[in-house]
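The chain contents come next:
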Amino acid sequence: MQLTPDLLLRAYAIGIFPMAEGRNHADLHWIDPETRGILPLDRFHVPRKLRRRLRRDDFDVRCDTAFPEIIRACAEATADRPDTWINPTIERLFVELFESGFAHSVETWYDGRLVGGLYGVSLGAAFFGESMFSREDDASKIALCHLVLRLRKGGFQLLDTQFVTPHLSRFGVVEIPRRQYRGLLARAVTTKAEFPSAIERDDTERFLLRTV
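These notes cover the structure that comes with them. (Residues numbered from 1 in each chain as written. Predicted model: local features only at pLDDT ≥ 70, side-chain atom pairs only at ≥ 80, totals over all residues. Heavy atoms only, no water.)

1. A short note on the overall build of the chain
Put simply, the test is: Each helix is a run of DSSP H or I of at least 4 residues and each strand a run of E of at least 2, with the numbering of both proceeding from the N terminus. Only C-alpha atoms enter the radius of gyration, while the globule expectation follows 2.2 Å times N to the 0.38, with N the number of residues. Exposure classes here rest on a 1.4 Å probe applied to the protein chains alone. A residue is buried below 20% of its type maximum, exposed above 50%, and partly exposed in between. Whether two residues touch is decided by their heavy atoms; if any such pair falls within 4.5 Å, the residues are in contact.
Broken down by element type, the chain carries eight helices and nine strands. Scaling as 2.2 N^0.38, a compact globule of 212 residues should have a C-alpha radius of gyration of about 17 Å, and the chain matches this with 16 Å. If you line up the chain on its principal axes, its C-alpha atoms span 50 × 35 × 30 Å. With 212 residues in all, the chain has 50% of them scored as buried. Restricting the contact set of the chain to residue pairs at least 6 apart, pairs at least 24 apart contribute 74%.

2. Brief notes about the packing of aromatic side chains
Note the cut-off: A pair of Phe, Tyr and Trp rings is counted when the ring centres sit within 6.5 Å of each other, with Trp represented by its six-membered ring. The angle between the planes then sorts it: under 30 degrees is stacked, over 60 is edge-to-face, the rest tilted.
Counting across every chain of the model gives ten aromatic pairs. Their ring planes at 75 degrees and their centres at 5.5 Å tell us that Phe94 and Tyr119 sit as a pair that is edge-to-face. Remark: Tyr119 occurs in strand β6 (residues 113–123) and Phe94 occurs in helix α4 (residues 88–99); sequence separation between them is 25 residues. Pairwise contacts between aromatic rings join Tyr12, Phe67, Phe94, Phe98, Tyr119 and Phe128 into one cluster.

3. Points about the nonpolar core
Basically, it comes down to this: Side-chain atoms within 4.5 Å are what join buried Ala, Val, Leu, Ile, Met, Phe, Trp, Tyr and Cys residues into a set we call a nonpolar core.
Core analysis: the largest hydrophobic core is formed by 35 residues, its most contacted members being Ile86, Phe94, Tyr119 and Phe128. If you list the elements that add at least two residues to this core, you get α1 (5–13), β1 (17–20), α3 (67–75), α4, β5 (103–110), β6, β7 (126–134) and α7 (178–189). Considering each element in turn, this core owes the most residues, six residues, to α3. In this structure, Val106, Ala143, Leu168 and Phe195 belong to the second largest nonpolar core, which totals 30 residues.

4. Quick look at the layout of surface pockets
The line we're drawing: Both site types are read off a 1 Å grid over the protein atoms alone. A 1.4 Å probe that fits but cannot get out defines a cavity, while an open set with protein on both sides within 12 Å along at least five of seven lines defines a pocket; lining residues have an atom within 4 Å of a point. Grid points are joined across faces, edges and corners, and a volume is the space filled by probe spheres set on the points. Put simply, Ala, Val, Leu, Ile, Met, Phe, Trp, Tyr, Cys and Pro go in the nonpolar bin, Asp, Glu, Lys and Arg in the charged bin, and everything else, Gly too, in the polar bin.
Empty space within the largest pocket amounts to approximately 470 Å³. Looking at the largest pocket, it is lined by 20 residues, and the ones nearest its centre are Glu130, Ser131, Met132, Thr161 and Leu168. Those elements that provide at least two residues to the lining of the largest pocket are β6, β7, α5 (139–154), β8 (158–162) and α6 (166–169). The residue inventory of the lining of the largest pocket, partitioned by class, reads eleven nonpolar, six polar and three charged. For the second largest pocket, the lining is made up of 18 residues, of which Leu54, Asp57, His146, Arg201 and Thr204 are closest to its centre. Elements represented by at least two residues in the lining of the second largest pocket include exactly α2 (48–56), β4 (60–63), α5 and α8 (201–209). Residue contributions to the lining of the second largest pocket peak at five residues, all from α8. When its residues are assigned to classes, the lining of the second largest pocket shows six nonpolar, two polar and ten charged.

5. Comments concerning the environment of Gly117
Secondary-structure assignment places Gly117 in strand β6. In this structure Gly117 touches Ile70, Val106, Glu107, Thr108, Ser131, Met132, Phe133 and Ala143, once residues within four positions along its chain are discounted.

The structure is reproduced here in structure tokens:
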């Protein structure tokens, strides 16, 4: 059976997602972890140093202006990650989801260069964070902060990070059992939310005042 964007959305709605063994592996595997990483939107932690950088506003943060470039950058091999789970099939499907309005990118630009960002799937009031990359210090962290800002502003209830990593734990990501996750997911995907691509300058300061 050929995987389509519609089938992909139905899989996310019940809590499973695809991964490839590597960039050059054609086969996809459906993943349904026993425990799930989520980032509680009301308990997002912004480290002190990152707060200062957010206030300096030295990155140009944009949304949905370079989605194919973002997913391509996330799929690139790096010294820390010589291979990736994003194969050409996943790349194609997510670009199609983006073109249909079900996927979004948050991008950090510096001096006109794309230096970091992330992408994910949006379904109801649930956002499924997929991958991020950084070519400058703090670039992906700034993108994550701006993602959470927009999700909170848009009325989202769930930010799924799939797994817990030491990097994400610093921002408040926690691990919950599959059954609990599915309960949160079922409520979120049937709730209406809107992903705001644009924000006002004052939104960032209000966001920082309401984070820990």
